[in-house]
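Observations on the three-dimensional arrangement
Okay, here's what each chain looks like letter by letter:
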Amino acid sequence: MSVDVAIHVIHLLLESEYVELINPYFRLQLIEADHDDDKFVDCAFAANATYIVSDDKHYDVLKEIDFLKLLILKLKEFLGLLQSEKNDNV
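Overview of the structure. The written sequence of each chain sets the order in which its residues are numbered from 1. In keeping with the predicted nature of the model, local features appear solely for residues at pLDDT of at least 70, side-chain atom pairs appear and are counted solely at 80 or more, and the whole-chain, interface and lining totals rest on all residues. Side-chain numbers come from the whole structure's heavy atoms, not from hydrogens or water.

**With respect to the overall build of the protein**
- Across its full length, the protein carries three helices and two strands.
- Secondary structure elements are defined from DSSP: runs of H or I of at least 4 residues count as helices, runs of E of at least 2 residues count as strands, and each element is numbered from the N terminus. Sequence-ordered secondary structure for the protein, helices as α and strands as β, is α-α-β-β-α.
- It is over C-alpha atoms that the radius of gyration is taken, and the globule rule equals 2.2 Å times the number of residues to the power 0.38. Here the C-alpha radius of gyration of the protein, 15 Å, is well above what a compact globule of 90 residues would show, namely 12 Å.
- Taken along its principal axes, the extent of the C-alpha atoms in the protein is 40 × 40 × 25 Å.
- The burial tally for the protein puts 19% of its 90 residues in the buried class.
- Should any heavy atoms of two residues lie within 4.5 Å, those residues are counted as being in contact. Considering only contacts in the protein between residues 6 or more positions apart, those separated by 24 or more positions represent 25%.
- Placing the 8 positive and 18 negative side-chain charges of the protein at their respective mean positions leaves the two points 6 Å apart. Relative accessible area decides the class of each residue, using a 1.4 Å probe on protein chains only: under 20% of the type maximum gives buried, over 50% gives exposed, and in between gives partly exposed. We treat Lys and Arg as the positive residues and Asp and Glu as the negative residues; His and chain ends play no part in the count. Here the site of a charge means NZ on Lys, CZ on Arg, CG on Asp, or CD on Glu.

In short, shape yes, function no, at least from these values alone.
Shown next as structure tokens:
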């Protein structure tokens, strides 16, 4: 992907009403097995997100941390949640 395309995609995302730019000012470093995943946890925590959707097993460690009120959903669970909300609104 060229840099120009990437810049356009980023601008498109940032202009969406469903996207919020979050700049966490801390690093929790909660995922010992893969610190590359930490940036997503930090953003979700800073944004007061309800859940993280991932099939990555590294996120399972977050279920054991009391102060972190993030649900970790597998993709199938998230799709099921979306489907049930869609059916509730019909």
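After that view, the rundown keeps rolling.
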